[in-house]
Amino acid sequence: MGANPYIHIPKESWPNWTWYAIECIIVIAISMLTSSKITDSIEGLTPEVQNYMFMGIVGAFFLIWYIGIRGLILKKKILRNSY
């Protein structure tokens, strides 16, 4: 008795890039929420300076996640399952 060649296997048909897109959207949403809370807590800023601070903090969160955490920490050999 052989295997059915027409069976649907989600792992093989789901595009891999969508996980990166979902992760990027989540990182941007979290960084925007935290950045808005941080910039609202600082008093005495003009709207122009507040916009620069907002986008700077969003960019910092984005870079910290993708370069610091994901690029350096999550790519370590010790975290891989290969022996």
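Now for a quick tour of the structure. Given the structure is predicted, the values throughout are model-derived calculations rather than measurements.

1. Side note on a nonpolar patch on the surface
Move 1: Judged by side-chain polarity, Ile-38, Ile-42, Val-49, Met-53 and Phe-61 come together as a nonpolar surface patch covering roughly 350 Å² of accessible area.
Move 2: With three residues, the top contributor of residues to the nonpolar patch is helix α3 (residues 47-73).
Move 3: Tracing the backbone shows Val-49 in helix α3.

2. A short note on the pattern of salt bridges
Move 1: This structure, assessed with the given rule, holds one salt bridge.
Move 2: Residue Arg-70 pairs with Glu-23 through a salt bridge whose shortest N-O separation is 2.8 Å. One end of the pair, Arg-70, is in helix α3; the other, Glu-23, is in helix α2 (residues 17-41), and 47 residues separate them in sequence.
Move 3: With a relative accessible area of 18%, Glu-23 lands in the buried category.

3. Remarks on α2
Move 1: Here α2 contains 25 residues, and its C-alpha end-to-end distance of 36 Å stays within 8% of the 36 Å for a straight helix at 1.5 Å per residue.
Move 2: Among the residues of α2, Thr-18, Glu-23, Val-27, Ser-31, Ser-35 and Thr-39 are the ones counted as buried.
Move 3: On its buried face, α2 is in contact with α3.

Parameters and conventions
- Residues numbered from 1 in each chain as written.
- Predicted model: local features only at pLDDT ≥ 70, side-chain atom pairs only at ≥ 80, totals over all residues.
- Heavy atoms only, no water.
- Patch = residues over 30% accessible without salt bridge, like charges linked within 9 Å, V, L, I, M, F, W, Y side chains within 5 Å.
- Areas by Shrake-Rupley, 256 points an atom, 1.4 Å probe, with all protein chains shown as cover.
- Salt bridge = Lys/Arg side-chain N within 4 Å of Asp/Glu carboxyl O.
- Helix = DSSP H or I, 4+ residues; strand = E, 2+ residues; numbered from the N terminus.
- Buried < 20%, exposed > 50% of the residue type's maximum accessible area, 1.4 Å probe, protein only.
- Expected span 1.5 Å × (residues − 1).
- Contact = heavy atoms within 4.5 Å.

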